[in-house]
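# Fold and geometry: a report
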Amino acid sequence: DVTGVQTCALPISYGLQKVFDNPDIKLVVTEKMQRNQKFYVIGYDDGSGGVSTQWDEASGGVRDVVILMLKVIFLTISSNRRFLVMDESFSGLDQDRRENLIEFLHELADRFGVQFFFVSHLDDLNAAATDLFKIQKSGTGVSIQKQSV
């Protein structure tokens, strides 16, 4: 029902607000009826007051954060999973937004007791890591070296 969908929209909106440092950006859920079938239209308001449902027009960063928050929602409702692995998930964010994201991920980790594992070539994400490993493939196999942070 719309209440469940809207419940998910709240933490997604919170994530967007934290990362983009904009208290007005939010996910918007609208219930529609078509041919006696109920469905939900999910859009976003970038703070300008207009709601867009054209996700292909949203910035890569907005899509990255929405996807991250959906993953975090599923992670927190899962009873046996406490970590999330992401591969180059934040290429759509500029450095300032990534810094906001890193701060937000620390908040999520503390609040929900989850761990985040990133595969990244971005130095600012690597610099924010509590543990950093360099994984390198060679002709004889794969080497893993712990790096200093």
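So, here is what we can say about the structure in this document. If you're wondering where the values come from, they're calculated on a predicted model, not measured in any experiment.

## Focus: the overall build of the chain
Along its length, the chain carries 4 helices and 7 strands. Listing every helix and strand of the chain by position from the N terminus yields α-β-β-β-α-β-α-β-α-β-β. Over its C-alpha atoms, taken along the principal directions, the chain stretches across nearly 60 × 35 × 35 Å. Considering the chain as a whole, with its 149 residues, one finds that 30% of them fall into the buried category. Counting contacts in the chain only where the partners sit at least 6 residues apart, residues at least 24 apart contribute 44% of the total. Approximately 9800 Å² of the chain is accessible, and the part contributed by carbon and sulfur atoms is 50%. Positive and negative side-chain charges of the chain, numbering 15 and 20 respectively, have mean locations separated by a distance of 8 Å.

## Examining the pattern of salt bridges
Taken as a whole and assessed by the stated rule, the structure comprises 2 salt bridges. The closest approach of N and O atoms between Glu107 and Lys18, which form a salt bridge, is 3.3 Å. Here Lys18 lies in helix H1 (residues 2-20) and Glu107 lies in helix H3 (residues 95-112), a separation of 89 residues in the sequence. A residue is classified by how much of its surface remains accessible, and Lys18, at 31% relative accessible area, is partly exposed. When the shortest N-O distance is used, the salt bridge between Lys146 and Asp131 registers 3.1 Å.

## Topic: the packing of aromatic side chains
One pass over the full model with this rule turns up 2 aromatic pairs. For the ring pair Tyr14 and Phe104, a centre distance of 5.7 Å and an interplane angle of 65 degrees mean the geometry is edge-to-face. Taken together, the residues span a long stretch of sequence, with Tyr14 in helix H1 and Phe104 in helix H3 at a distance of 90 residues. With a centroid separation of 5.8 Å and 90 degrees between ring planes, the pair formed by Phe83 and Phe117 is classed as edge-to-face. Here Phe83, found in strand S4 (residues 83-87), pairs with Phe117, found in strand S5 (residues 115-119); they are 34 residues apart in sequence, far enough to count as distant. Its relative accessible area of 46% is what places Phe83 among the partly exposed residues.

## Considerations on the sheet that holds strand S1 (residues 26-34)
What holds strands together in a sheet is hydrogen bonding between their backbones, with the strands either parallel or antiparallel. Spatial ordering of the open sheet is given by S1-S2-S3, a layout of 3 strands whose pairing is antiparallel. Only two strands of the sheet have a single partner each, and these edge strands are S1 and strand S3 (51-52). Direction of pairing for S1 relative to strand S2 (residues 37-45): antiparallel, over a ladder of 9 bridges. Looking at the pairing, Val29 lines up with Ile42 of S2.

About the thresholds
- Residues numbered from 1 in each chain as written.
- Predicted model: local features only at pLDDT ≥ 70, side-chain atom pairs only at ≥ 80, totals over all residues.
- Heavy atoms only, no water.
- Helix = DSSP H or I, 4+ residues; strand = E, 2+ residues; numbered from the N terminus.
- Buried < 20%, exposed > 50% of the residue type's maximum accessible area, 1.4 Å probe, protein only.
- Contact = heavy atoms within 4.5 Å.
- Areas by Shrake-Rupley, 256 points an atom, 1.4 Å probe, with all protein chains shown as cover.
- Lys, Arg positive; Asp, Glu negative; His and termini not counted.
- Charge placed at Lys NZ, Arg CZ, Asp CG, Glu CD.
- Salt bridge = Lys/Arg side-chain N within 4 Å of Asp/Glu carboxyl O.
- Phe/Tyr/Trp six-rings, centres within 6.5 Å; stacked < 30°, edge-to-face > 60°.
- Pairing = 2+ DSSP bridges.

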